[in-house]
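Below, each chain spelled out in residue letters.
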Amino acid sequence: KAGVTQTPRYLIKTRGQQVTLSCSPISGHRSVSWYQQTPGQGLQFLFEYFSETQRNKGNFPGRFSGRQFSNSRSEMNVSTLELGDSALYLCASSENGEYGYTFGSGTRLTVV
Amino acid sequence: TQLLEQSPQFLSIQEGENLTVYCNSSSVFSSLQWYRQEPGEGPVLLVTVVTGGEVKKLKRLTFQFGDARKDSSLHITAAQPGDTGLYLCAGRTPPSNTGKLIFGQGTTLQVKP
C-alpha cells in the first residue's frame, strides 16, 4: 500500500509570492489534515478535510487555504508569503479522521 | 487554548537505561497518540490510547493514558541507539471522529552506545 505522498519535497519562494503544496493520501483514506512544523512552535494544526469538506480549521490567517478533491487528494495554498511561513508542511491521512494518522514526509518551504 | 505540555524536552542517556516521557494537559482528550519522528521525515504513529487508564505495550515501550484522559506517559525500558529520535504526543479533541490533533512540543531522545 503506497504511503502519503507530498510534492514537492523542497521549495524556495520569495516573500510576497504564493505557493501550492500537494498531498496524495493513502488509497481509501477520506480524511486529510495539514500541519505546519517549526522549531519554535512545533507541530500546529492548519485544517482538516473530509470528503471534500473542510471539517476543522486551526488558528492561521486567511492566507492559508486548502481544498480536497473527489479522489481525496488535497492541496494547500499560502498567498503573500512571509519569512515566518518557512516551515515543514506535513500532510496526514486517515480513513475517517478517528484514531491515528499516517503522515507524509513533508514539504520543506523556505521563504527568502 | 488547549495545550499539551511534554517533558522533558531533551534527554540524553546511555544504552540500557530506562526513561519516561510525560505529556500533560488541563484538557480532556478523546484519544491520545504517540508518534516518533526522524529528521527530514514525517511523524510515524506508535500507538493510540483511547480509554482512561489504558496501558499499551509495544516491545520495550509502554504507553499509559491517565484515568481522566488529560495526561499520558511513554516509558522505554533498556533504551537502544535505534530509539533515538523525536517523540511527540498528540491529543485529539472531542468529538472523536472530528476535531484536530494538538501536539506537544516533543522530546528529543538521544541514546548513546
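Here we summarise the structure given alongside this text. Just so it is clear, the model here is predicted, and its values are computed rather than measured.

A look at the environment of Thr80(A)
Residue and element names in this part refer to chain A.
Phase 1 of the analysis: By the secondary structure assignment, Thr 80 is in the loop between β8 (74-78) and β9 (87-94).
Phase 2 of the analysis: Classification of Thr 80 by relative accessible area gives partly exposed; the value is 47%.
Phase 3 of the analysis: When the C-alpha atoms of Thr 80 and Arg 15 are compared, they prove to be 6.9 Å apart, with 65 residues separating the residues in sequence.
Phase 4 of the analysis: Excluding anything up to four places from it in sequence, Thr 80 contacts Gly 16, Gln 17, Gln 18, Arg 63 and Asp 85.

Regarding the sheet that holds strand β3 (residues 19-24) of chain A
Residues and elements named next belong to chain A.
Phase 1 of the analysis: Sheet architecture is open: 4 strands sit in the order β1-β3-β8-β7, paired in antiparallel fashion. Each edge of the open sheet is held by one strand with a lone partner, namely β1 (5-7) and β7 (64-68). Within the sheet, the average angular offset between the axes of one strand and its neighbour, ignoring direction, is 15 degrees.
Phase 2 of the analysis: As judged from the 5 bridges shared by β3 and β8, these two strands associate in the antiparallel manner. By the bridge assignment, Leu 21 is partnered in β8 with Met 76.

Side note on the pairing of strand β4 (residues 31-37) of chain B
Residues and elements named next belong to chain B.
Phase 1 of the analysis: A large share of β4 lies buried, amounting to 6 of its 7 residues.
Phase 2 of the analysis: Pairing between β4 and strand β9 (residues 85-92): 7 bridges, direction antiparallel. Within the sheet, the bridge partner assigned to Tyr 35 lies in β9 and is Leu 88.
Phase 3 of the analysis: Where β4 meets strand β5 (residues 44-49), 5 bridges bridge the pair, whose relative direction is antiparallel.

Quick notes on the packing of aromatic side chains
Phase 1 of the analysis: As enumerated under the stated definition, the model contains 9 aromatic pairs over all chains in all.
Phase 2 of the analysis: Between the aromatic rings of Phe60(A) and Phe64(A), the centroid separation amounts to 5.2 Å while the plane-to-plane angle is 65 degrees, which identifies the pairing as edge-to-face.
Phase 3 of the analysis: By relative accessible area, Phe60(A) is classed as buried at 15%.
Phase 4 of the analysis: Residue class for Phe64(A) comes out buried when judged on its relative accessible area of 3%.
Phase 5 of the analysis: With a centroid separation of 6.4 Å and an interplanar angle of 45 degrees, the aromatic rings of Trp34(B) and Phe63(B) are classed as tilted. Pair noted here: Trp34(B) is in strand β4 and Phe63(B) is in strand β7 (residues 61-65), with a separation of 29 residues, a long-range link. In this structure, Trp34(B) and Phe63(B) share a single accessibility class: buried.
Phase 6 of the analysis: Every member of this aromatic cluster is reached through a ring pair, and the members are Tyr35(A), Phe45(A), Phe103(A), Tyr35(B) and Phe103(B).

Scoring rules and cut-offs
- Residues numbered from 1 in each chain as written.
- Chains lettered and ligands numbered in written order.
- Predicted model: local features only at pLDDT ≥ 70, side-chain atom pairs only at ≥ 80, totals over all residues.
- Heavy atoms only, no water.
- Helix = DSSP H or I, 4+ residues; strand = E, 2+ residues; numbered from the N terminus.
- Buried < 20%, exposed > 50% of the residue type's maximum accessible area, 1.4 Å probe, protein only.
- Contact = heavy atoms within 4.5 Å.
- Pairing = 2+ DSSP bridges.
- Axes fitted to C-alpha atoms, helices over the stretch in contact; angles between N-to-C directions.
- Phe/Tyr/Trp six-rings, centres within 6.5 Å; stacked < 30°, edge-to-face > 60°.

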